[in-house]
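Each chain, written out:
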Amino acid sequence: MLTAAVPIQNFEKIRDRIAEILALEIPSQAALQGRADIDAEVYTSRMAPFDHTDLPCINVEFTRGDYPSRNSEKSDGTYLYHIDVFTKKPTTSSLEGGQASSEVSQRIAGTVRAILSNPIYRTLNFAAPSLKHTEVNKIMIPEYLELEAVNYRLVRVVFSVDTIEGIEYATPVPFGEALSSVSVDCTDNGFLYKILATP
């Protein structure tokens, strides 16, 4: 029998860090781009359905972990995360709602891709050499998850992280004074990431 509690695993820490980064960067990008419609709330592992009052939203979900190399002390792992963007837009006299929703969801997904691909987040703000490699693998519209409701759209960003499981990460690098802090609220819908304050 184990005599000590199993610590939070690295794949869990990575999931939460992805959400923290997006919760900081998405509102900033909405302001920089002059696009209030891309200011999406960020959740992790949300299971409750989204409705129009929640949208636009981003949900970060751990999908799988593969361990091609392992021994009794550690496993070299590749972790896959789905970052799902949900949107809904009304139909107006000048634009059909589904088309508008598609444009917004793709703009958010492109922004997510650019954020996570930026060199400043190469290690997701974990101290080197905690992560070996991070990569946005694809952006896709999952056919089996197409939303039947009118004007709803879903775009998925697939993100992979190569790291080592079985050891504790070094102390994370602080986000720094130039970035806002983030709170995590446990809601009925899932864990919601929010900016606490803006310097």
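Look up a bit, the structure's there.
Residues numbered from 1 in each chain as written. Predicted model: local features only at pLDDT ≥ 70, side-chain atom pairs only at ≥ 80, totals over all residues. Heavy atoms only, no water.

Things to note about the overall build of the protein chain
- Regarding its fold elements, the protein chain presents two helices and seven strands.
- When the helices and strands of the protein chain are read in sequence order from the N terminus, they spell out α-β-β-β-α-β-β-β-β.
- Counting over 199 residues, the protein chain shows a buried share of 42%.
- Here the analysis covers contacts within the protein chain between residues at least 6 apart in sequence; of these, 63% occur between residues at least 24 apart.
- Put simply, the protein chain shows about 11,000 Å² of open surface, and 54% of that area lies on carbon and sulfur atoms. (Helix = DSSP H or I, 4+ residues; strand = E, 2+ residues; numbered from the N terminus. Buried < 20%, exposed > 50% of the residue type's maximum accessible area, 1.4 Å probe, protein only. Contact = heavy atoms within 4.5 Å. Areas by Shrake-Rupley, 256 points an atom, 1.4 Å probe, with all protein chains shown as cover.)

Section: the side chain of T44
- Take T44: it is sitting in strand β1 (residues 41-44).
- By relative accessible area, T44 is classed as buried at 2%.
- Residue contacts for T44: discarding those within four places in its chain leaves R15, D16, A19, N59, V60, F191 and Y193.

Side note on the nonpolar core
- With 33 residues, the main nonpolar core has I14, I18, L22, I58, I83, V112 and L124 as its most contacted residues.
- Counting residues per element, the ones that place at least two in this core are α1 (10-33), β2 (57-70), β3 (75-88), α2 (97-117), β4 (131-140) and β5 (152-165).
- The element best represented in this core is α1, accounting for eight residues.
- The residues contacting V112, other than those within four sequence positions of it, are L22, I26, I58, I83 and V157.
- By size, the runner-up hydrophobic cluster in this structure holds seven residues, among which are C57, F86, L154 and L192. (Core = buried A, V, L, I, M, F, W, Y, C linked by side-chain atoms within 4.5 Å.)

Some points on the side chain of D76
- Residue position: D76 is located in strand β3.
- When sequence neighbours within four positions are dropped, the list of residues in contact with D76 reads D66, Y67, P68, S69, K132, T163 and I164.

What to know about the packing of aromatic side chains
- Per the counting criterion, the structure on display carries five aromatic pairs.
- Measuring from centroid to centroid gives 5.8 Å for F62 and Y79, while their planes differ by 70 degrees, and the two rings are edge-to-face. Residue F62 is located in strand β2, and its partner Y79 is located in strand β3; the two are separated by 17 residues in the primary sequence.
- A relative accessible area of 22% means that F62 is categorised as partly exposed. (Phe/Tyr/Trp six-rings, centres within 6.5 Å; stacked < 30°, edge-to-face > 60°.)

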